[in-house]
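Architecture and fold: a report
Chain by chain, the residues:
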Amino acid sequence: MAAINQFQEFEMDILKEIGNIGAGNAATALATLLNKPVDMGVPTVKRVPFEAIAESVGGDESIVAAVYFRVEGEAPGNMFFMMTPEAAKQLLYHFNSEVSCEHLDFTEMECSTISEIGNILAGSYLSSLADFTHLKMFPTVPGFALDMAGAILSYGLLHMSHTADEALFIDTQFLEGQNQVQGQFFLIPDPDSFHVIFEALGALS
Amino acid sequence: MIEQRNMVKVGMADLNIITEPGIIRTTGLGSCVGVTLYDPLTRIAGMAHVMLPSSSIAREGTLNKAKYADTAIVALVERMVGAGASSARLVAKIAGGSQMFQFAGAGDTLRIGPRNTEVCKQMIQDLRIPLLAEDCGGNHGRTIEIDRDTGILTIRSVQMGVKEL
């Protein structure tokens, strides 16, 4: 298994492409759900030392609404769909105009709705990756949390932390036309999954 | 006038100490545990942001002692004693170790918060350091800071507000 700090540039490009394909599909799914155009940013592959994680996700104590999935299958990992609480409310408002955007506390039904939207997006992200790589990957039941970004993201780094002092995550941002709904996808492959992904894509000689 | 205070930051899998007036803090503790040690006489405070229970599962080349409960607390005591604290006077307060997401299917990861807490408490006990207070468990994130002048540990969380230990 290669250490994540030893990846070549072309391997990093492959990981970006993974983000591109997966998040592209998820953005399309979101556009269909919202019936509005959704733009997505160029995926970035971030290599962040653990001690800087909090800064990398919007700084100290920034509060996010997050849906978490454990990815199971041939290339396991962790996946997060994160939004600001405001964006999450806007997203809910698209589906139900009775949702109040003034209060940033979430009812059980609202949490459940966001989880389900996250589920649809994660499913489309992973199924496009599975088609592309011919690897079996599927998400577990979603978990929802409204909390500090650092505390949430650290949960997805535990597998990585056995082998490294830095995390490598594939980050893609997307936004709906009027910028009211913005979100981020983080895919954090387990250390052993990188090899599997590269091999599946023929990048290993 | 807002007083501009000296602040020492501790990142994830990191540890540090403060010897000058001010605070030492770490943000976004989820399943990680923040261990703080304090010497009331010299007023030296230390903090470790522990991520995993045991270094025996480490597969990395050079061991980052701050990452594991079984190595971080010993390393923190060494740092503080090196700066002039007395290991016999140290007292401990800890916070964190929550389960951010609760559902089946994540295997060992599911219990990492409680495991982190258990091992931290065991290590503190083994080093004969009195554990004065703790705020562990639940399913929420925490930001903690300890005031070097008073030894008071302040805990902030989104769901539970602010509390002082």
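Quantities reported herein were computed from a predicted structural model and do not represent experimental measurements.

Rules and cut-offs
- Residues numbered from 1 in each chain as written.
- Chains lettered and ligands numbered in written order.
- Predicted model: local features only at pLDDT ≥ 70, side-chain atom pairs only at ≥ 80, totals over all residues.
- Heavy atoms only, no water.
- Pairing = 2+ DSSP bridges.
- Helix = DSSP H or I, 4+ residues; strand = E, 2+ residues; numbered from the N terminus.
- Axes fitted to C-alpha atoms, helices over the stretch in contact; angles between N-to-C directions.
- Contact = heavy atoms within 4.5 Å.
- Buried area = accessible area lost by both parts, 1.4 Å probe.
- Salt bridge = Lys/Arg side-chain N within 4 Å of Asp/Glu carboxyl O.
- Polar contact = N/O pair within 3.5 Å; in protein donor to acceptor, adjacent residues only side chain to side chain.
- Nonpolar A, V, L, I, M, F, W, Y, C, P; charged D, E, K, R; others polar.
- Expected span 1.5 Å × (residues − 1).
- Buried < 20%, exposed > 50% of the residue type's maximum accessible area, 1.4 Å probe, protein only.
- Patch = residues over 30% accessible without salt bridge, like charges linked within 9 Å, V, L, I, M, F, W, Y side chains within 5 Å.
- Areas by Shrake-Rupley, 256 points an atom, 1.4 Å probe, with all protein chains shown as cover.

All names here are of chain B. On the basis of which strands lie adjacent, the open sheet formed by five strands has the order 2-5-4-6-7 and mixed pairing. If you trace the sheet from one side to the other, it starts and ends with strand 2 (15-18) and strand 7 (131-136), each paired once. Going from strand to strand, the sheet's axes swing by 15° on average, the running direction of each strand aside. In this sheet, strand 6 (residues 91-96) lies alongside strand 4 (residues 33-39) in antiparallel orientation, the contact comprising six bridges. Bridging across to strand 6, V35 finds its partner in I94.

Turning our eyes to something else, we now look at the interface of chain B and chain A. Contacts between the two partners involve 38 residues from chain B and, on the opposite side, 36 residues from chain A. Across the chain B/chain A interface, buried area totals approximately 2900 Å², and carbon plus sulfur atoms make up 62% of it. Between the two partners, chain B and chain A, sit zero salt bridges. The interface formed by chain B and chain A includes two residue pairs in polar contact (both at pLDDT 80 or more). For the side of chain B that touches chain A, the secondary structure elements donating two or more residues are strand 3 (23-29), strand 8 (142-147) and strand 9 (153-157) of chain B. Among the elements that take part in the side of chain B that touches chain A, strand 3 of chain B stands out by supplying four residues, more than any other. Residue composition of the side of chain B that touches chain A, grouped by class: 16 nonpolar, 14 polar and eight charged.

Here we take up helix 4 (residues 108-133) of chain A. Look at helix 4 of chain A: 37 Å from first C-alpha to last across 26 residues, which is about the 38 Å you get at 1.5 Å a residue. Two residues or fewer past helix 4 of chain A, A:H134 is found with a positive phi of approximately 60°.

The next point concerns helix 1 (residues 69-82) of chain B. All names here are of chain B. With 14 residues, helix 1 should cover 20 Å at 1.5 Å per step; its first-to-last C-alpha distance of 20 Å lies within 8% of that length. Residues of helix 1 that are buried include every one of A69, T71, A72, I73, A75, L76, V77 and M80, and no others. Just past helix 1, the residue G84 takes up positive phi, approximately 115°.

Here we come to a nonpolar patch on the surface. Residue and element names in this part refer to chain A. Taken together, the side chains of L33, F95 and I120 define a hydrophobic patch exposed on the protein surface, amounting to about 230 Å² of accessible area. Considering the arrangement of structural elements, one finds L33 in helix 1 (residues 9-34). The exposure class assigned to L33 is partly exposed, which follows from its relative accessible area of 30%.

With that settled, the discussion passes to unusual backbone geometry. The backbone of A:N35 shows a phi angle near 55°, a positive value even though the residue is not glycine. With respect to the helices and strands, the residue A:N35 is situated in the loop between helix 1 and strand 1 (38-40). Positive phi is not limited to glycine here, since B:A13 has a value of about 55°. With respect to the element layout, B:A13 can be found in the loop between strand 1 (7-9) and strand 2. We classify B:A13 as buried; its relative accessible area is 5%.

Residue and element names in this part refer to chain B. Of all seven residues in strand 4, seven are buried, a share of seventy percent or more. Alternating residues of strand 4 divide into V33, V35, L37 and D39 and G34, T36 and Y38, and every residue in both groups is buried. Sheet analysis places strand 4 next to strand 5 (residues 44-50), joined by seven bridges and oriented antiparallel. Note on strand 5: the bridge partner recorded for Y38 is A45.

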